[in-house]
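Letter by letter, the chains look like this.
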Amino acid sequence: MERTPSPEVTAKPGTGLPADPAAPSPRRVERREWAWLAAASVVVLAAASLPWLWAALRTPASLHWSGFIWYPPDDSLLLSALWEGVRGHWLHRPPYALADGPGALFYPEYLLLGHVSAWTRLDPVTVLHLARLACGALLLVSLYSFVARFHANLPHRRFAFLLAATGAGLGWVVLLFTGVRSTEMSMPETFPFFAMLASLHLTLALAALLWVLDALVPEGGGPPRGRRGRLVAGALVLAIVQPFGTVIAGAVGGAWAAARWVRERRPPRGALLRLLVLAAASLPFILHEIATIALNPAYAGWREQVRAPAPPAWQLVLAAGLLLPFALAGAVKAARRRSANDLLLLAWLAATAVLVALPWYQSRRFDFAAYVPVALLAAIALERARGPDTGLERGLFVTINALGSVLVLGASLMLMVHHDRTVFMSRDEWDAVRFLRAHARECEVVLAPPATSMFVMASAPLRVVHGHPAETPRAAATRASVEDFYRGAAPLPDTLLARVDWIVAGARGPAIPAGFERAFAAGDVEVYGRQR
């Protein structure tokens, strides 16, 4: 337990700083608030489910929906991990012909869902999207509980929650006036609503980050017992699912401990102990990931291909959106007041800015959940300035602030409404995939055009020659070889052909190599199997 600070530094609990009589006193979420939160969450989750529901209910008989929502390469990879779970595996192996190596503890949440799909006999795509909804509900409850520590006034608490849960940047303005999609539209890890729309694991990890931060920087003298449990659970989830969040949490907790140490002139043992718990729960999994990428031959060249450098600074400013000037005003007020809550948000924003600016090949990943502190600082400034003051004004402000999320939702929904070929396969393609699922042995290798390969790996426990454009081993060269083969420009190199068990081709080509015979045909799609 932490020692109680001396009276002259305890006027503001846990900080060693003078109290600000105007600062809101955090309090628990009362029972009557849960009904409102449930109603708000239903609306938010229903909006995030529109693409899935449209695809599930409105797909014509001539097409089959793949289960993809936003970015087909990522969605196909995650569904392939889910299929590994369906087949009883707990370790992940990349679903590519050239990815030779032992399994690793990657994507365990999707492997678990695969086991759930096998146990319940539900379709894997259905299990995936039901789990995404459940994680979305968990995130919204976690976010509201986190926001409650900053706002005692109930209308402002709800206002801050809606800003953080539904807001996005000004990418819609850029698209409207220039027709160009900004980087913001490829940043689902930054915005809670975008995460709920696009990614189960980002949604879960965002909730876990809130648990960890809430425990690392308590607004009172020390964290209640429940927060200690959430610290351990959140640390484990972050380390396994989104280790970039672990780094952010560690930076915030370290800054808080340092501030306490300077102010109180003695080591804050409780804060340091919580950091030690975070490190102990996280390091084994993070070291496993680092070692796997460095030493497992299945991930050879991964660092060179999977690059996510930070976007230009002006695009990050756009991503902060309408709330940026209010957030800056809130940051100034927070720097003057310096309560535990203030220092948490300031440290979070500063840690994100520093980490994103690092000259590292994955630095953009540190924008994880960055919109939340922006929204909360803006809400603090707006509350102090007494505006927007009425329910109608707050509703209008939230609506305008959510236009970026509406754009992302609309873009995903248009993929479904127009039956985009990146997320829908023809009925003939689907029949071919079902044939492979029934007749190919687990982990056999399928050669197919790159777009079709993603459907195959997402719909059956099989490997493909080329799949994810960044994570396929030797992706550029492999894709060029596959495309040359299907154009008839060159035969497939022997190093790849020797690994192929099945070939998916059109009725008019390409030329099928010797040693393969036609095993299935449906319309314009044929499947050839290696003669045994």
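In the block above lies the structure referred to throughout.
Since the structure is predicted, the reported quantities are computational estimates derived from the model, not experimental observations.

J.: So what exactly am I meant to see when it comes to the overall build of the chain here?
T.: The helix and strand tally for the chain stands at 22 helices and seven strands. In summary, the chain has a C-alpha radius of gyration of 25 Å against a globular reference of 24 Å for 532 residues, a match within 12%. For the chain, the spread of C-alpha atoms along the three principal axes comes to 85 × 50 × 45 Å. Within the chain, buried positions represent 55% of all 532 residues. In the chain, once contacts between residues fewer than 6 apart in sequence are set aside, the share between residues at least 24 apart is 72%. Here the chain has roughly 22,600 Å² of accessible surface; of this, 64% comes from carbon and sulfur atoms. Positive and negative charge centroids in the chain, built from 50 and 37 side chains respectively, lie 9 Å apart.

J.: Could you clarify how one ought to interpret empty space enclosed by the protein in this entry?
T.: Rolled over the atoms, a probe with the dimensions of a water molecule shows which regions are left empty. Throughout the structure, instances matching the rule amount to three cavities of 30 Å³ or more. Every residue lining the largest cavity is listed: Gly67, Ile69, Asp75, Leu78, Leu79, Tyr110, Leu128, His129, Arg132, Ala198, Ser199 and Leu200. Contributing elements (two or more residues each) for the lining of the largest cavity: helix H2 (72-86) and helix H4 (124-148). In terms of residue class, the lining of the largest cavity is made up of seven nonpolar, three polar and two charged.

J.: Can you help me understand the packing of helix H10 (residues 243-264) against helix H15 (residues 340-356) in this one?
T.: Geometry of a packed helix pair, given as the angle between the helix axes and the separation of the axes. Packing of H10 against H15 leaves a shortest axis separation of 9 Å and a crossing angle of 130°. On the basis of the axis angle, H10 is oblique to H15. Crossing angle aside, the handedness with which H10 passes H15 is right-handed. Mapping the contact onto sequence places Val247, Ile248, Ala251, Val252, Ala255, Trp256 and Ala259 in H10 and Ala340, Leu343, Leu344, Ala347, Trp348, Ala351 and Leu355 in H15. Split by residue class, the contact of H10 with H15 holds 14 nonpolar, no polar and no charged.

J.: Would you explain the environment of alanine 55 in this entry?
T.: The topology assignment puts alanine 55 in helix H1 (residues 31-58). A relative accessible area of 3% places alanine 55 in the buried class. Along the sequence, alanine 55 and tryptophan 65 sit ten residues apart, while their C-alpha atoms lie 6.5 Å from each other. Sequence-distant contacts of alanine 55, defined by excluding residues within four places in its chain, comprise Trp65, Met416 and Phe424.

J.: Any chance you could explain the pairing of strand E7 (residues 525-530) here in plain terms?
T.: As a general feature of sheets, a regular strand has side chains that alternate between the two faces. Within E7, five of the six residues are buried, which leaves it mostly tucked inside the rest of the structure. Note that strand E5 (residues 502-506) and E7 share five bridges and pair antiparallel. Opposite isoleucine 503, over in E7, you have tyrosine 528 as the bridge partner. Bridging between strand E6 (residues 516-522) and E7 involves six bridges; their strand directions are antiparallel. When the bridges of E7 are listed, alanine 521 appears paired with glutamate 526. Linking E6 to E7, which pair antiparallel, is a turn of two residues; within it glycine 523 sits at a positive phi near 60°.

J.: What is the right way to read the pattern of salt bridges from this model?
T.: Counted according to the given criterion, the structure contains 16 salt bridges. Arginine 518 is the partner of glutamate 526 in a salt bridge, and the nearest nitrogen-oxygen pair spans 3.0 Å. The buried category is assigned to glutamate 526, whose relative accessible area is 8%. Overall, the relative accessible area of 53% leaves arginine 518 in the exposed class. Each of the salt bridges in this network shares a partner with another, and the network as a whole consists of Asp100, Arg463 and Arg499.

Reading guide: rules and limits
Residues numbered from 1 in each chain as written. Predicted model: local features only at pLDDT ≥ 70, side-chain atom pairs only at ≥ 80, totals over all residues. Heavy atoms only, no water. Helix = DSSP H or I, 4+ residues; strand = E, 2+ residues; numbered from the N terminus. Rg over C-alpha atoms; globule rule 2.2 N^0.38 Å. Buried < 20%, exposed > 50% of the residue type's maximum accessible area, 1.4 Å probe, protein only. Contact = heavy atoms within 4.5 Å. Areas by Shrake-Rupley, 256 points an atom, 1.4 Å probe, with all protein chains shown as cover. Lys, Arg positive; Asp, Glu negative; His and termini not counted. Charge placed at Lys NZ, Arg CZ, Asp CG, Glu CD. 1 Å grid on protein atoms, 1.4 Å probe; cavity = no way out; pocket = protein on both sides within 12 Å on 5 of 7 lines; lining within 4 Å. Points joined across faces, edges and corners; volume = space filled by probe spheres on them. Nonpolar A, V, L, I, M, F, W, Y, C, P; charged D, E, K, R; others polar. Axes fitted to C-alpha atoms, helices over the stretch in contact; angles between N-to-C directions. Parallel < 35°, antiparallel > 145°, perpendicular 65-115°, else oblique. Left-handed = near helix turned anticlockwise from the far one by under 90°. Pairing = 2+ DSSP bridges. Salt bridge = Lys/Arg side-chain N within 4 Å of Asp/Glu carboxyl O.

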